[in-house]
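# Reading the structure
For reference, the chains in residue letters:
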Amino acid sequence: MHTRGWMLATAESCTGGLLAGAITDLPGSSAWFERGFVTYSNEAKQDELGVTADALRRHGAVSEQVAAQMAAGVLKASVRPTLSLATTGIAGPGGATDGKPVGMVCFGMGWRDAGEILTRTETCLFAGDRRQVRLAAVEFALRLARHFSEMR
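The present account deals with the structure reproduced in this document. (Residues numbered from 1 in each chain as written. Predicted model: local features only at pLDDT ≥ 70, side-chain atom pairs only at ≥ 80, totals over all residues. Heavy atoms only, no water.)

Moving on, we come to the overall build of the chain. Counting its secondary structure elements, the chain contains 5 helices and 5 strands. Helices and strands in the chain line up, N terminus first, as β-α-β-α-α-α-β-β-β-α. Expected size for 152 residues packed as a compact globule is a radius of gyration near 15 Å; at 14 Å, the chain falls within 12% of this value. Judged by the C-alpha coordinates and their principal axes, the chain covers about 45 × 30 × 25 Å. Counting all 152 residues of the chain, 46% fall into the buried class. When the accessible surface of the chain is summed, it comes to about 7500 Å², and 51% of that surface belongs to carbon and sulfur atoms. If the 16 positive side-chain charges of the chain are averaged to one point and the 15 negative ones to another, these points end up 2 Å apart. (Helix = DSSP H or I, 4+ residues; strand = E, 2+ residues; numbered from the N terminus. Rg over C-alpha atoms; globule rule 2.2 N^0.38 Å. Buried < 20%, exposed > 50% of the residue type's maximum accessible area, 1.4 Å probe, protein only. Areas by Shrake-Rupley, 256 points an atom, 1.4 Å probe, with all protein chains shown as cover. Lys, Arg positive; Asp, Glu negative; His and termini not counted. Charge placed at Lys NZ, Arg CZ, Asp CG, Glu CD.)

Here you go:
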């Protein structure tokens, strides 16, 4: 990312800052990491990132629709980042609902292209306890960003 002059920002729910922490553990990350939002509650997602009440009501916080709005919201909230990553999921041990098991994490990625904000989403199901699910989500999000930067 740094070699391309890109800046990254994050929006996290289930990972609760672990993604931003993993990024800032890397020496020199200040050259390519701009900011991170931890928006654990639905209200924080709405207030900080502009996630709509309609998306939360219709799809739930753990959904690709909300992950996409989180990723786009980061880019709308700050002008410097060119790429954003968002995580929202069910780390467990509780919180599962019908169709949304423990370990389900939805990822959003946003980027700027010709003045527009575009998004892509993906959902994964990770095995393990709460800590393992959260760490697996961080690792997956970082791989998404790396893969995206190699493709552009």
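Okay, the pattern of salt bridges next. Enumeration according to the criterion identifies 6 salt bridges in this entry. Between Glu 34 and Arg 35 there is a salt bridge, with the nearest N and O atoms lying 2.6 Å from each other. The salt bridge partner of Arg 58 is Asp 54, with a shortest N-O separation of 3.5 Å. In this pair, Arg 58 and Asp 54 both sit in helix α3 (residues 53-59), 4 residues apart, roughly one turn of the helix. It is possible to trace a salt-bridge network through shared partners that takes in Glu 34, Arg 35 and Arg 80. (Salt bridge = Lys/Arg side-chain N within 4 Å of Asp/Glu carboxyl O.)

We now examine helix α5 (residues 130-151). The terminal C-alpha atoms of α5 lie 32 Å apart, and with 22 residues this matches the ideal 32 Å at 1.5 Å per residue to within 8%. Considered for burial, the residues of α5 that qualify are Val 133, Ala 137, Val 138, Phe 140, Ala 141, Leu 144, Ala 145, Phe 148 and Ser 149. Summarising the contacts, the buried residues of α5 are in contact with α1 (18-24), β3 (83-89), β4 (104-113) and β5 (116-125). Backbone nitrogen of Arg 131 and a side-chain oxygen of the N-cap are separated by 3.2 Å at the start of α5; the cap is Asp 129. (Expected span 1.5 Å × (residues − 1). Contact = heavy atoms within 4.5 Å. Polar contact = N/O pair within 3.5 Å; in protein donor to acceptor, adjacent residues only side chain to side chain.)

Counting across every chain of the model gives 1 cavity of 30 Å³ or more. Roughly 30 Å³ of internal volume is contained in the largest cavity. Phe 107, Gly 108, Met 109, Arg 120, Thr 121, Glu 122 and Leu 144 are the residues that line the largest cavity. Of all elements in the fold, only β4 and β5 reach the threshold of two or more residues within the lining of the largest cavity. (1 Å grid on protein atoms, 1.4 Å probe; cavity = no way out; pocket = protein on both sides within 12 Å on 5 of 7 lines; lining within 4 Å. Points joined across faces, edges and corners; volume = space filled by probe spheres on them.)

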